[in-house]
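# Close look at the chain arrangement
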Amino acid sequence: MGFQCGIVGLPNVGKSTLFNALTKTAAAQAANYPFCTIEPNTGEVAVPDSRLAALSSIAKSKEVIPTRITFVDIAGLVRGASKGEGLGNQFLANIREVDAIVHVLRCFEDDDITHVEGAIDPIADADTVETELMVADMESLERRIAPLKKKATGGDKEAKAVLPIMEAALDLLQEGKPARLLDLPDAEQRKILDGLNLLTSKPILYVCNVDEGSAATGNALSEKVAAKAAEEGAGCVVISAAIEAEISQLDRDEQAEFLETIGLDEPGLDRLIRAGYDLLGLITYFTAGPKETRAWTVTEGTKAPAAAGVIHTDFERGFIRAQTIAFDDYVELGGETPAKEAGKARDEGKEYVVKDGDVLLFKFNT
C-alpha cells in the first residue's frame, strides 16, 4: 500500500521545482508565472529504506523492491479559489483525491521571483490556502446537513450517527479552525469524519522552501512555520527545492559528496517521506528470500491478515498464520534459518498487529 501526497501552495513558492526534484522528472513545468502547472502531475518515487540492503544481502535476493510513494503536483491556488477564482474548482477537486497535503511555503527572499501576494510571509500564505479550504468545506457541509437532518428525524440510524460529526466539524470551521483539529477520541467517529472527505480534515505537512544557505539550519521564516506546525500538531520539514533539484541530477556518490559540503546528512526527499509516514501513521514490513526482498507499507495497527492482503487478496482470504521475525533479530542472527534455531521466528495468528520492521512469511490456503 502506497499513499498519495498532494503538493499545494500559492504560485511561485517552489512546488513544481520540488516535484521535479522528488520524481527526477521534468513532468511538471517550473516557470516564473502563476498556473504553469495546469493539470496535476503525478510521479512515483521509491521510498528509501536502508534496511532493504541489509535484508537482501542476508537473503541473497536477486531483486530488491522498495515501497513507493506518489506525489501529485497541484496547480497553484489564489485567493478566492473556493469561489472558482483562478483554477480554484480544479484545485479543490484535485486535493480531495489525495491522502495528505504537502503544503509548500516560500521561506526565502529573491527579487527575481515574483510573489503573488507581493510580500514574503509564509504564515499569511498558509492562512490564505487554509481559508480557501475551510470555506469550501463549510459550503459542502451546509449543503449536506439540511437533508441529513430530515433523515435523522425520520429515524435513519446512519444519519443519526453522521449528523453530530458534521455539525461539530461545521462549528469548528466557523471558528476559523480546520476540521482535522476536531477532537474525536472514538475510532468510529474518526472514521465518519474521514468519510466526509473534507479538505481540512486531511493531515498536513508544511514544507519550508528555504534558500540554499539555510538548507541545513533553516531560517527565521521557517522557524515561524515550525511553531505554527507544532501548535496545530502538523508536520514540518525544511527543504531547499533548489538544492534538491541539483541533488536529483547526481549519482549516489556525487550526492553524498555534495551533501557533505553543504552540511546535510541526507537528501530532503528522505526527510519528507519519513515525515509523511509519521503524519499518516504508516509502517513498513518486509518479505525476504532468494527471489526478492521487498518492502510493504501498511497503516499502524494493521493486523496480519490485512497486511497479507496488501500482497494479494488471496493471502488475506486464506490467511492461516504469519511467521514473524523482527528486523533486528533477522540481521543480528543472519537470516530466517538461524532466527528459527534461536527461537526468534514466531507464528502469529489473525489478531497479531504488525510492527514496523517485521520480516513476514505468510501461510495461507488458496
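Structure first, text after, so check above.
First things first, this report covers the structure right here in the doc. (Residues numbered from 1 in each chain as written. Predicted model: local features only at pLDDT ≥ 70, side-chain atom pairs only at ≥ 80, totals over all residues. Heavy atoms only, no water.)

## Some thoughts on the layout of surface pockets
Considered as a void within the structure, the largest pocket measures approximately 950 Å³ in volume. Lining the largest pocket are 33 residues, with A46, V47, P48, D49 and D270 sitting closest to its centre. Sorting the residues of the lining of the largest pocket by element identifies α1 (15–23), β2 (41–46), α2 (51–59), α8 (241–247), α9 (252–261) and α10 (268–280) as the ones contributing at least two each. Ranked by residue count, the leading element in the lining of the largest pocket is α10, at six residues. Taken together, the residues of the lining of the largest pocket sort by class into 15 nonpolar, five polar and 13 charged. Here the second largest pocket defines a volume of roughly 810 Å³. Elements with a contribution of two residues or more to the lining of the second largest pocket: α6 (187–195) and α10. Residues belonging to the lining of the second largest pocket are distributed by class as follows: 12 nonpolar, four polar and seven charged. (1 Å grid on protein atoms, 1.4 Å probe; cavity = no way out; pocket = protein on both sides within 12 Å on 5 of 7 lines; lining within 4 Å. Points joined across faces, edges and corners; volume = space filled by probe spheres on them. Helix = DSSP H or I, 4+ residues; strand = E, 2+ residues; numbered from the N terminus. Nonpolar A, V, L, I, M, F, W, Y, C, P; charged D, E, K, R; others polar.)

## Observations concerning the pairing of strand β4 (residues 68–73)
Most of β4 is tucked away, with five of its six residues classed as buried. The pairing of strand β1 (residues 4–8) with β4 spans four bridges and is classified as parallel. Counterpart to Q4 in the pairing with β4 is T70. As judged from the six bridges shared by β2 and β4, these two strands associate in the antiparallel manner. Among the inter-strand pairings, G43 is bridged to a residue of β4, identified as F71. (Buried < 20%, exposed > 50% of the residue type's maximum accessible area, 1.4 Å probe, protein only. Pairing = 2+ DSSP bridges.)

## Let's talk about empty space enclosed by the protein
Evaluated as defined, the whole model comprises one cavity of 30 Å³ or more. Looking at the largest cavity, its volume works out to about 30 Å³. Lining the largest cavity are H103, A126, V129, E130, L133, I204 and Y206. Mapped onto the lining of the largest cavity, the elements with two or more residues apiece are α4 (122–153) and β6 (204–210). In terms of residue count, the dominant contributor to the lining of the largest cavity is α4 (four residues).

## Focus: the pairing of β6
For β6, the buried fraction is high: seven of the seven residues fall into the buried class. Of the pairings in the sheet, the one linking β6 to strand β7 (residues 235–239) comprises five bridges and is parallel in character. Counterpart to V207 in the pairing with β7 is V237. Taken together, β6, helix α7 (residues 220–232) and β7 constitute a β-α-β crossover, and its handedness is right-handed. (Right-handed = clockwise from strand over helix to strand, strands pointing away.)

Nothing here speaks to function; it is geometry throughout.
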